[in-house]
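Here is what each chain is made of, one letter per residue.
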Amino acid sequence: MEFFNLTAIHGNSYYLHDDFYDYDTGEATQPEIEVIDAEKFPFPDFEQIKSDLKRLIDFAFVQYFTDDFVIKELQKFDKLEVLKRLKEKVDYNRAINYKAYEIAGKVIGRTAEEWIKKEWANRRENELQIFAEPIAKCLNFDEAFKILTRELERGDDKFLSENVSALLYFKSDQTLDWIEKVSERIKKYFFYLGTTCRKFAVHLEQSK
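Everything numeric in this text was worked out from a predicted model, so none of it was measured. (Residues numbered from 1 in each chain as written. Predicted model: local features only at pLDDT ≥ 70, side-chain atom pairs only at ≥ 80, totals over all residues. Heavy atoms only, no water.)

Participant: I'd like a description of the overall build of the chain, backed by residues and values.
Facilitator: Assigned secondary structure in the chain consists of 13 helices and zero strands. In sequence order, the secondary structure elements of the chain are arranged as α-α-α-α-α-α-α-α-α-α-α-α-α. Across the 208 residues of the chain, 43% fall into the buried class. The contacts of the chain with a sequence gap of at least 6 include a subset with a gap of at least 24, amounting to 61%. Surface accessibility of the chain: about 12300 Å² in total, with carbon and sulfur atoms responsible for 50%. (Helix = DSSP H or I, 4+ residues; strand = E, 2+ residues; numbered from the N terminus. Buried < 20%, exposed > 50% of the residue type's maximum accessible area, 1.4 Å probe, protein only. Contact = heavy atoms within 4.5 Å. Areas by Shrake-Rupley, 256 points an atom, 1.4 Å probe, with all protein chains shown as cover.)

Set out below in structure tokens:
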């Protein structure tokens, strides 16, 4: 339980990493002292907490990769209530913003538009990737596409090559057209270009 409570607040930080804890049970895998009465403080059971929005969001924050069944349960709640809770968590500890933005994109959508815009305006260095999904899913296509492509174009060629995958969330032919437009800047990074184009092709095929 202590692992669950700490990770829900601080995220998957180094000392709360899966090298030290089992994410499914909360069990310490490398304890330096004896764990006393662990059975009295069990890891929360999903079926028991899924109707409690606060605990369900905490459950999502504890997961390294958010399971689809967790997202589906969160989608049953009022979007404004989910958004309120996400704002509270980010205001308390910005280090867990990556998970809040992911949930905003997958659960709240356009209802979170203004919040995501505000967060983006106050972004820090190297946060493009964590914003890609929420921007693509919370804003209208034209605005979202402009924001992300503009940010990519501002970086140097290596930055552009390494981060062009941020456009994967747009299942649109415009993405491949844009990559073609900037291909001269990234052609020396053939690995990134080839891998990204293959991923886009798969996404486009799946969206048909």
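Participant: So, the side chain of Ser172: which residues are in play, and what are the values?
Facilitator: In this structure, Ser172 sits in the loop between helix H10 (157-163) and helix H11 (173-181). Within the structure, the side chain of Ser172 is placed 3.1 Å from the backbone nitrogen of Gln174, a separation counted as a polar contact. (Polar contact = N/O pair within 3.5 Å; in protein donor to acceptor, adjacent residues only side chain to side chain.)

Participant: So what's going on with the packing of aromatic side chains? Which residues, and what values?
Facilitator: Considering all chains together, one arrives at nine aromatic pairs under this definition. Aromatic side chains Phe46 and Phe59 sit 5.5 Å apart centroid to centroid with 55° between the ring planes, which places their arrangement in the tilted category. Of this pair, Phe46 sits in helix H2 (residues 46-49) while Phe59 sits in helix H3 (residues 53-62), and the two are 13 residues apart along the sequence. Assessed through its relative accessible area of 13%, Phe46 is described here as buried. (Phe/Tyr/Trp six-rings, centres within 6.5 Å; stacked < 30°, edge-to-face > 60°.)

Participant: Can you tell me about the nonpolar core, naming the residues and giving the values?
Facilitator: Counting residues in each nonpolar core, the largest one holds 46 residues, and the members touching the most others are Leu74, Leu86, Trp115, Ile116 and Trp178. Contact partners of Ile116, with chain neighbours within four places excluded, come to Tyr101, Ala104, Phe131, Pro134, Ile135, Cys138 and Leu139. (Core = buried A, V, L, I, M, F, W, Y, C linked by side-chain atoms within 4.5 Å.)

Participant: Residue-level account of helix H9 (residues 141-154), with values.
Facilitator: Within an α-helix, residues lying three or four positions from one another point in the same direction, as the helix has 3.6 residues per turn. Its 14 residues place the ends of H9 20 Å apart at the C-alpha level, agreeing with the 20 Å of an ideal helix rising 1.5 Å per residue. All of the buried residues along H9 are Ala144, Phe145, Leu148, Thr149, Glu151 and Leu152. Each buried residue of H9 lies within a common arc of 155° when the element is viewed along its axis, so the set occupies one face. Seen from the open side of H9, the exposed residues pointing more than 90 degrees away from its buried face are Asp142 and Arg154. Packing partners of the buried residues in H9 comprise helix H7 (113-121), helix H8 (128-138), H10 and H11. The backbone nitrogen of Asp142 lies 3.2 Å from a side-chain oxygen of the residue at the head of H9, namely Asn140. (Expected span 1.5 Å × (residues − 1). Arc of directions from axis to C-beta.)

Participant: Let's hear about the pattern of salt bridges: which residues, and what values?
Facilitator: Evaluation of the coordinates by the stated rule reveals 20 salt bridges. The partner of Lys181 in a salt bridge is Glu153, with the nearest N and O atoms 3.4 Å apart. Within this pair, whereas Lys181 is found in helix H11, its partner Glu153 is found in helix H9, the two being separated by 28 residues in sequence. With relative accessibility at 58%, the residue Lys181 sits in the exposed group. The residue Asp157 makes a salt bridge to Arg185 at a minimum N-O spacing of 2.8 Å. You can see Asp157 sitting in helix H10 and its partner Arg185 sitting in helix H12 (residues 183-186), a full 28 residues away along the chain. Each member of the salt-bridge network shares a partner with another, and the members are Lys54, Arg55, Asp58, Arg85, Glu88 and Lys89. (Salt bridge = Lys/Arg side-chain N within 4 Å of Asp/Glu carboxyl O.)

Participant: I'd like a description of the packing of helix H5 (residues 79-92) against helix H6 (residues 97-108), backed by residues and values.
Facilitator: Here H5 crosses H6 at 170°, and the two axes come no closer than 10 Å. The orientation of H5 with respect to H6, classified from their angle, is roughly antiparallel. In contact with Lys79, Val82, Leu83, Leu86 and Val90 of H5, H6 contributes Asn97, Ala100, Ile103, Ala104, Val107 and Ile108. Along the lines of polarity and charge, the residues of the contact of H5 with H6 split into nine nonpolar, one polar and one charged. (Axes fitted to C-alpha atoms, helices over the stretch in contact; angles between N-to-C directions. Parallel < 35°, antiparallel > 145°, perpendicular 65-115°, else oblique. Nonpolar A, V, L, I, M, F, W, Y, C, P; charged D, E, K, R; others polar.)

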